[in-house]
Structures are given as structure tokens and as C-alpha cells.
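Residue strings, one per chain:
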Amino acid sequence: TLVDAAAGDQWFPWVDVNPTNGEIGILYNDRGSSNGPLYNASLSEGTPGSLVKTVVSSAPSDPTQSRFFRAGVAGCENCARFHGDYINISYGSDGKAHMAWTDMRDPSDIPGLHSQFIYYAQK
């Protein structure tokens, strides 16, 4: 089941309930309708059947040229598909969403490759 109506892949959903209004928030990895290699962390909030999506990543993740998770096969030495293990959303008593996830948007010390880091956003 898709979180939002976009045609692309959506995975690793994490759900919490906002204590101030009873609505849900779902943080998930999202390729959008392009379904290419890049993806963002997205947040959908509201009630089932009436969710509003917000992209919370400040830049898309590129897991295809990883510094540490490389295939190492002929013709595709740096190819990768690892996208991280961790994603979470938690609402505070003030109703603000606190979100954390890992992605590979940042260039590494090797030109053309990306490193994985943890990111945080609040909404």
C-alpha cells in the first residue's frame, strides 16, 4: 500500500500520532513519481485517506555512488543500492514532529562518491 498517491517507490514508513490533534504522521523514503535512483525523506500528515505530503529532506539522497557500500564488480565498481537503515518520527507534547533518517546526499572525500549521514528535521 502506498503512503501517498505518487507513482514511485515508497518504503520504510514510520508512524506516530500527534498528541495535540490525534492526526497521524508518516515519515518514509520516497522516490516520487520519477522512480529513479534519487529519493527523499517525506512526511505525510493528517487522517487516513486525507494525508498531506511534505518533503522534509533538504536535498535528495544518491545511493548509487556510495563511498562505503560499493558493489566492486567489473563495470560497476562503485554501484550501490544501500539506502540506510534508520528512519523515525516522534511527536512532542507541543505537536511538533521530530524526524530522523539516514541518507547519502553528501559528497565523500573521494570525488563522485557519497557518504551516509544521519539527518534531523522538525515540523
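The structure contained in this document is the topic of the report that follows. Just so it is clear, the structure is predicted and the values come from calculations on it, not from any experiment.

### Structural notes on the side chain of Asn29
Mapped onto the fold, Asn29 is located in strand S2 (residues 24-30). If we skip the residues at most four places from it in the chain, Asn29 touches Asp9, Gln10, Trp11, Phe12, Tyr39, Asn40, His83 and Ile87.

### Quick look at unusual backbone geometry
The residue Phe12 is not glycine, and still its phi comes out positive at about 55°. Following the sequence through the fold, Phe12 ends up in strand S1 (residues 10-17). Here Phe12 falls in the partly exposed class, since its relative accessible area comes to 33%.

### Comments concerning the pattern of salt bridges
Under the counting rule described, the total for this entry stands at five salt bridges. Close ionic contact of Asp4 with Lys53 constitutes a salt bridge, the shortest N to O distance being 3.4 Å. Remark: Lys53 occurs in strand S4 (residues 50-55) and Asp4 occurs in the segment before S1; sequence separation between them is 49 residues. With a relative accessible area of 14%, Asp4 lands in the buried category. A residue is classified by how much of its surface remains accessible, and Lys53, at 32% relative accessible area, is partly exposed. The closest approach of N and O atoms between Asp30 and Lys53, which form a salt bridge, is 2.4 Å. Of the two residues, Asp30 sits in strand S2 while Lys53 sits in strand S4, which places them 23 residues apart along the sequence. Judged by its relative accessible area of 3%, Asp30 is buried.

### A word on the environment of Phe68
Within the secondary structure layout, Phe68 lies in the loop between S4 and strand S5 (87-91). Phe68 sits 40 residues away from Ser108 along the chain, and the two C-alpha atoms are 9.5 Å apart.

### Some words on the pairing of strand S6 (residues 97-107)
In this sheet, S6 lies alongside S5 in antiparallel orientation, the contact comprising five bridges. Bridging from a neighbouring strand, Ile89 pairs with Met99 of S6. In textbook terms, the turn of a hairpin is the stretch between consecutive antiparallel strands, and for S5 and S6 this stretch comprises five residues, one of which, Gly95, has a positive phi near 85°. Bridge count between S6 and strand S7 (residues 114-122): eight bridges; the pairing is antiparallel. Bridging from a neighbouring strand, Met99 pairs with Ala121 of S7. Between S6 and S7, which pair antiparallel in sequence order, lie six residues; one of them, Gly112, sits at a positive phi of approximately 90°.

Rules and cut-offs
- Chains are numbered independently. Their residues run from 1 in the order of the written sequence.
- Under the rules for a predicted model, residues below a pLDDT of 70 receive no local features and side-chain atom pairs below 80 are neither given nor counted, while totals for whole chains, interfaces and linings still include all residues.
- Values reported for side chains reflect all heavy atoms of the structure, with hydrogen atoms and water molecules removed beforehand.
- We count a stretch as a helix when DSSP gives it H or I for four or more residues in a row; a strand needs E for two or more, and each element gets its number in order from the N terminus.
- For this analysis, residues touch if any pair of their heavy atoms sits within 4.5 Å.
- Classification of residues uses two cut-offs on accessible area relative to the type maximum, computed with a 1.4 Å probe and protein chains only: under 20% is buried, over 50% is exposed, and between them is partly exposed.
- Here, a salt bridge means any side-chain nitrogen of Lys or Arg that lies within 4 Å of a carboxyl oxygen of Asp or Glu.
- In this analysis, strands are considered paired if DSSP registers two or more bridges between them.

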